[in-house]
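Residues per chain are reported as follows:
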Protein chains: 2
Amino acid sequence: MIILAPIMTELELYIHSSFGILEKKELSKISELFEYSKLKKGDFLLESGQKCNKLSFIQSGLLRMFALVDGNEITQWISTKGYFATDLASFVHEKSSRLAIHALVDTELYSISKENYDKIGEIVPQWHALEKQFIINCFITLEDRVFSHLSMSAEQRYQLFFENNKTLFNEVPLQYIASMLGMTPETFSRIRKNNIS
Amino acid sequence: MIILAPIMTELELYIHSSFGILEKKELSKISELFEYSKLKKGDFLLESGQKCNKLSFIQSGLLRMFALVDGNEITQWISTKGYFATDLASFVHEKSSRLAIHALVDTELYSISKENYDKIGEIVPQWHALEKQFIINCFITLEDRVFSHLSMSAEQRYQLFFENNKTLFNEVPLQYIASMLGMTPETFSRIRKNNIS
DNA sequence: TTAAACTCTTGATATTTGTCAAGAGGATTT
DNA sequence: AAATCCTCTTGACAAATATCAAGAGTTTAA
């Protein structure tokens, strides 16, 4: 892969903010492991039932992960620029995915195969520590999310999420956010009416 | 710490099943990093607001993690023999804990400090791989749990959990399981009445 | 071994949230 | 520019779940 300015920016930013500056040589070695691709709005990165054999770093755009349950789309998560997207269970255990991933807008990705992913740690030993930190943070985020379902009403979940993700509300269909928060679009709409601000 | 038979059994079992047999010397070095302790039923391993500065391996017994919200105890999780218990957010980021952890029955623990925990990887390099695997599995478990709140009714969550955790139902007050599944004890009781088996 | 404290259940009722149906406004396509 | 599809809203109603209150068994503690 040719090292493009964009990936240097986003990925570098990510790595830099995590464990400082790397040798240019190392950074280029890492970025060579990734493959650039584009998705048009609506394109699928992963279809339900497939094996998710790559991890994708979002250079720009938005991805939605969802599953089909009884004819209803359940939105698990929406991933934004600067984050990774994958079905971790499928990626790690090489089993078919319950989730589909599609692009909510035109999206640029840098994707890495499982095989290449394992090479990162060989190139940059600090990677393992970063990776661990990253997964732990994902874990904590999910723990908070479970907690919100145990202790909060739909309205409270809405308010908390709105405070922390205001920009997302202008970027994606609200029905997806509703689903992600565990409520119907109708309930979501009514809650919004009571929270005009 | 003197290496007792019990920790050899449970911890060894855990490590063995994960990455095979270690040199006895290494295993003993690891277990020396842990400290044995006992909790009586009702004793607290961690009180809400404290920093959780250790990770505890449960040799025997049961621990419940919960938070107090508006005077209601929200049970986040119940940990059993052979698993670790900690407030990961507090342990990793050294901030005060939202959760309290107490013993539901007399419980034996092997606890390790953050400082000593980091030494494990120095003694057994494979530890990092195991640790990563472990955290990922926890992540996947939580992801499934979130999914259950997005796509399932209280009754379905009950049924799923019951199928996978039948023994727990005879070991702990059911109200804790109800809370952990995100419903009141009354709803839980009514669901059980409809699921006599 | 009695009293107190838990734990679970059940009923009556209130609240929250979902379902169904219809329509308005925007965006996209032809 | 019209037709079509999306997206969001709203209303009426239904279903799921919570709340409150009381009571019956159990367990725990004095």
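Here's what I pulled together on the structure shown here. A quick note: this is a predicted structure, and the numbers were derived from the prediction, not measured. (Residues numbered from 1 in each chain as written. Chains lettered and ligands numbered in written order. Predicted model: local features only at pLDDT ≥ 70, side-chain atom pairs only at ≥ 80, totals over all residues. Heavy atoms only, no water.)

Some thoughts on the overall build of chain A
Argument step 1. Helix and strand content of chain A: eight helices and eight strands.
Argument step 2. Taking all 197 residues of chain A together, 48% fall into the buried category.
Argument step 3. Residue pairs in contact within chain A that sit at least 24 positions apart in sequence constitute 71% of those at least 6 positions apart. (Helix = DSSP H or I, 4+ residues; strand = E, 2+ residues; numbered from the N terminus. Buried < 20%, exposed > 50% of the residue type's maximum accessible area, 1.4 Å probe, protein only. Contact = heavy atoms within 4.5 Å.)

Things to note about the relation of the copies chain A and chain B
Argument step 1. Superposition of chain A onto chain B requires a rotation of 180 degrees combined with a translation of 0.0 Å along the rotation axis, giving an RMSD of 0.0 Å. The relationship between the two copies is best expressed as a two-fold rotation axis.
Argument step 2. The share of interface residues of chain A whose copies in chain B are also at the interface is 100%, consistent with both copies meeting through the same surface. (Least-squares fit on C-alpha atoms with pLDDT ≥ 70 in both.)

Thoughts on the interface of chain A and chain B
Argument step 1. Between chain A and chain B, the contact holds 33 residues from the first and 33 residues from the second.
Argument step 2. Approximately 3200 Å² of surface area, both sides summed, lies buried where chain A meets chain B, with 72% of it carried by carbon and sulfur atoms.
Argument step 3. Contact with chain B buries surface across chain A, with F139, F147 and L150 of chain A losing the most and accounting together for 21% of the total.
Argument step 4. Joining chain A to chain B, the criterion identifies four salt bridges.
Argument step 5. Across the salt bridge formed by E131 of chain A and K132 of chain B, the nearest N and O atoms sit 2.8 Å from each other.
Argument step 6. There are eight residue pairs in polar contact (both at pLDDT 80 or more) connecting chain A and chain B.
Argument step 7. Secondary-structure elements contributing two or more residues to the side of chain A that touches chain B are β4 (62-69), β5 (72-80), α3 (88-93), α5 (127-151) and α7 (174-180) of chain A.
Argument step 8. Considering each element in turn, the side of chain A that touches chain B owes the most residues, 18 residues, to α5 of chain A.
Argument step 9. Broken down by class, the residue content of the side of chain A that touches chain B amounts to 18 nonpolar, nine polar and six charged. (Buried area = accessible area lost by both parts, 1.4 Å probe. Salt bridge = Lys/Arg side-chain N within 4 Å of Asp/Glu carboxyl O. Polar contact = N/O pair within 3.5 Å; in protein donor to acceptor, adjacent residues only side chain to side chain. Nonpolar A, V, L, I, M, F, W, Y, C, P; charged D, E, K, R; others polar.)

With respect to the protein's contact with DNA strand C
Argument step 1. In the region of DNA strand C, 15 residues are neighbours, and A154 and T187 of chain A together with L174, S189 and R190 of chain B sit closest.
Argument step 2. Take the atoms of DNA strand C that sit within 4 Å of the protein: sugar and phosphate atoms are 64% of them.
Argument step 3. For DNA strand C, a base nitrogen lies 3.1 Å from a polar atom in the side chain of E186 of chain A.
Argument step 4. Broken down by secondary-structure element, the contributors of at least two residues to the surface near DNA strand C are α8 (185-194) of chain A together with α7 (174-180) and α8 (185-193) of chain B.
Argument step 5. For the surface near DNA strand C, the per-class residue count stands at four nonpolar, six polar and five charged. (Near = heavy atom within 4 Å.)

Some points on the environment of S111 of chain B
Residues and elements named next belong to chain B.
Argument step 1. Among the structural elements, S111 can be located in strand β8 (residues 107-113).
Argument step 2. Here S111 falls in the buried class, since its relative accessible area comes to 8%.
Argument step 3. It is 6.4 Å that separates the C-alpha atoms of S111 and Y36, two residues lying 75 residues apart in sequence.
Argument step 4. For S111, the contacting residues outside a window of four places in its chain are L33, F34, E35, S37, K54, L55 and S56.
Argument step 5. For S111, the side chain forms a polar contact with the side chain of S56, separated by 2.8 Å.

Side note on the pairing of β5 of chain A
All names here are of chain A.
Argument step 1. In terms of strand pairing, β4 meets β5 through eight bridges, oriented antiparallel. Directly across from L62, in β5, lies its bridge partner T80.
Argument step 2. Linkage of β4 to β5, two consecutive antiparallel strands, is achieved through a turn of two residues, within which D70 is found at a positive phi near 55 degrees. (Pairing = 2+ DSSP bridges.)

Description of the protein's contact with DNA strand D
Argument step 1. Near DNA strand D you find 16 residues, and of these L174, S189 and R190 of chain A together with A154 and T187 of chain B are the closest.
Argument step 2. By atom count, sugar and phosphate contribute 64% of the portion of DNA strand D lying within 4 Å of the protein.
Argument step 3. Between DNA strand D and T187 of chain B, the relevant distance is 2.7 Å, taken from a phosphate oxygen to a side-chain nitrogen or oxygen of the residue.
Argument step 4. Counting residues per element, the ones that place at least two in the surface near DNA strand D are α7 and α8 of chain A together with α8 of chain B.
Argument step 5. Here the element with the most residues in the surface near DNA strand D is α8 of chain A; it accounts for four residues.

Overview of the sheet that holds strand β1 (residues 35-39) of chain A
All names here are of chain A.
Argument step 1. Ordered in space as β1-β8-β3-β6, the four strands form an open sheet in which the pairing is antiparallel. Because the sheet does not close on itself, it has two edges, and the strands there are β1 and β6 (84-85).
Argument step 2. In the packing of helix α4 (residues 114-123) onto the sheet, contacts are made with β3 (54-60) and β8 (107-113), and the angle to β8 comes to roughly 75 degrees. (Axes fitted to C-alpha atoms, helices over the stretch in contact; angles between N-to-C directions.)

Overview of the sheet that holds strand β4 (residues 62-69) of chain B
Argument step 1. Strands sit in the order β2-β7-β4-β5 (chain B) across an open sheet of four strands; the sheet is antiparallel. The open sheet has two free edges, formed respectively by β2 (44-46) and β5 (72-80) of chain B, since each of these has just one partner strand. If you compare each strand with its neighbour and ignore which way they point, the axes differ by 30 degrees on average.
Argument step 2. Contacting β4 and β5 of chain B, α5 of chain A crosses the sheet at an angle of about 135 degrees to β5 of chain B.

Things to note about unusual backbone geometry
Argument step 1. For E94 of chain A, which is not glycine, the phi dihedral falls at a positive 50 degrees.
Argument step 2. You can see E94 of chain A is positioned in the loop between α3 and β7 (100-103).

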